[in-house]
Amino acid sequence: QVQLVESGGGLVQAGDSLRLSCAVSGGTFSSYAMGWFRQAPGKEREFVSGISWSGANTNYADSVKGRFTISRDNAKGTVYLQMNSLKPEDTAAYYCAAPRNSYYIGDDYAAYNYWGQGTQVTVSS
């Protein structure tokens, strides 16, 4: 059973940085692409970023391009999301996810079948 556990969320001010981590266990982590999504209260879950199994390919939502960076450490079984220049509109619960197709790094929520429990990020103005 694949398990994903996010950490690193918190309360920060606009302009600050945070790094989220997602530790993966129970599967062949290094063979799978990974993704990050977020969900604000009253809104649908939205794609943030994806990374291929090797880390060579990445994908970002337009709203975070240039501010967020996804990376992974296959030896540690962990994927990261470095978030810089945070804005109040980045406030949300952040979830990591693994797709059914090990190569998929797109934004289709339905393509991901393993999810973590989420970590809250709150950005004050």
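In this report, the structure presented in the accompanying data block is examined. On a predicted model such as this, the values are computed, not experimentally measured, just so you know.

1. Some remarks on the state of the cysteines
Counting across every chain of the model gives one disulfide. With its sulfur 1.9 Å from that of its partner, Cys-22 forms a disulfide with Cys-96. Looking along the S-S bond of the Cys-22-Cys-96 disulfide, the torsion reads about 50°, which is the right-handed sense. One end of the pair, Cys-22, is in strand S3 (residues 18-25); the other, Cys-96, is in strand S9 (residues 92-99), and 74 residues separate them in sequence. Each member of the pair Cys-22 and Cys-96 is classed as buried.

2. Overview of the packing of aromatic side chains
Each aromatic ring pair is described using two quantities: the centre-to-centre distance and the angle formed by the ring planes. What the rule picks out here adds up to seven aromatic pairs. Pairing Phe-37 with Tyr-109 gives two aromatic rings, centres 6.3 Å apart and planes at 80°, and the pair type is edge-to-face. Remark: Tyr-109 occurs in the loop between S9 and strand S10 (112-115) and Phe-37 occurs in strand S4 (residues 34-39); sequence separation between them is 72 residues. Taking relative accessible area as the criterion, Phe-37 reaches 1% and is therefore assigned buried. The class for Tyr-109 is partly exposed, based on a relative accessible area of 41%. Here Tyr-109 and Trp-115 contribute two aromatic rings whose centre-to-centre distance is 5.0 Å and whose plane-to-plane angle is 35°, an arrangement assigned as tilted. Here the aromatic residues Phe-37, Phe-47, Tyr-104, Tyr-109, Tyr-112 and Trp-115 are joined through ring pairs into a cluster of three or more. The ring of Tyr-95 has Arg-45 lying over it, and the distance from NZ or CZ to the ring centre is 3.8 Å.

3. What about the side chain of Glu-6?
Assignment of secondary structure puts Glu-6 in strand S1 (residues 3-7). Notably, Glu-6 is buried but unbridged: the nearest opposite-charge side chain belongs to Arg-45, and the N-O separation is 7.3 Å. Engagement of the side chain of Glu-6 in a polar contact is seen with the backbone nitrogen of Gly-118, the distance being 2.9 Å. When sequence neighbours within four positions are dropped, the list of residues in contact with Glu-6 reads Ser-21, Cys-22, Trp-36, Tyr-94, Tyr-95, Cys-96, Gly-116, Gln-117, Gly-118 and Thr-119.

4. Quick look at the environment of Asp-107
Within the secondary structure layout, Asp-107 lies in the loop between S9 and S10. Judged by its relative accessible area of 53%, Asp-107 is exposed. Expressed as a C-alpha distance, the spacing of Asp-107 and Tyr-60, which sit 47 residues apart in the sequence, is 8.7 Å. Residues contacting Asp-107, with those up to four places away along its chain left out, are Phe-37 and Phe-47.

5. Some remarks on the sheet that holds strand S8 (residues 78-83)
Spatially, S1-S3-S8-S7 is the arrangement adopted by the four strands of the open sheet, whose pairing is antiparallel. Each end of this open sheet is capped by a strand with a single partner; those strands are S1 and strand S7 (68-73). With direction set aside, neighbouring strand axes in the sheet form an average angle of 15°. Here S3 runs beside S8; their pairing, made up of six bridges, is antiparallel. By the bridge assignment, Ser-21 is partnered in S8 with Tyr-80.

Criteria and thresholds
- Residues numbered from 1 in each chain as written.
- Predicted model: local features only at pLDDT ≥ 70, side-chain atom pairs only at ≥ 80, totals over all residues.
- Heavy atoms only, no water.
- Disulfide = S-S within 2.5 Å.
- Helix = DSSP H or I, 4+ residues; strand = E, 2+ residues; numbered from the N terminus.
- Buried < 20%, exposed > 50% of the residue type's maximum accessible area, 1.4 Å probe, protein only.
- Phe/Tyr/Trp six-rings, centres within 6.5 Å; stacked < 30°, edge-to-face > 60°.
- Lys NZ or Arg CZ within 6 Å of the ring centre and 35° of its normal.
- Lys, Arg positive; Asp, Glu negative; His and termini not counted.
- Salt bridge = Lys/Arg side-chain N within 4 Å of Asp/Glu carboxyl O.
- Polar contact = N/O pair within 3.5 Å; in protein donor to acceptor, adjacent residues only side chain to side chain.
- Contact = heavy atoms within 4.5 Å.
- Pairing = 2+ DSSP bridges.
- Axes fitted to C-alpha atoms, helices over the stretch in contact; angles between N-to-C directions.

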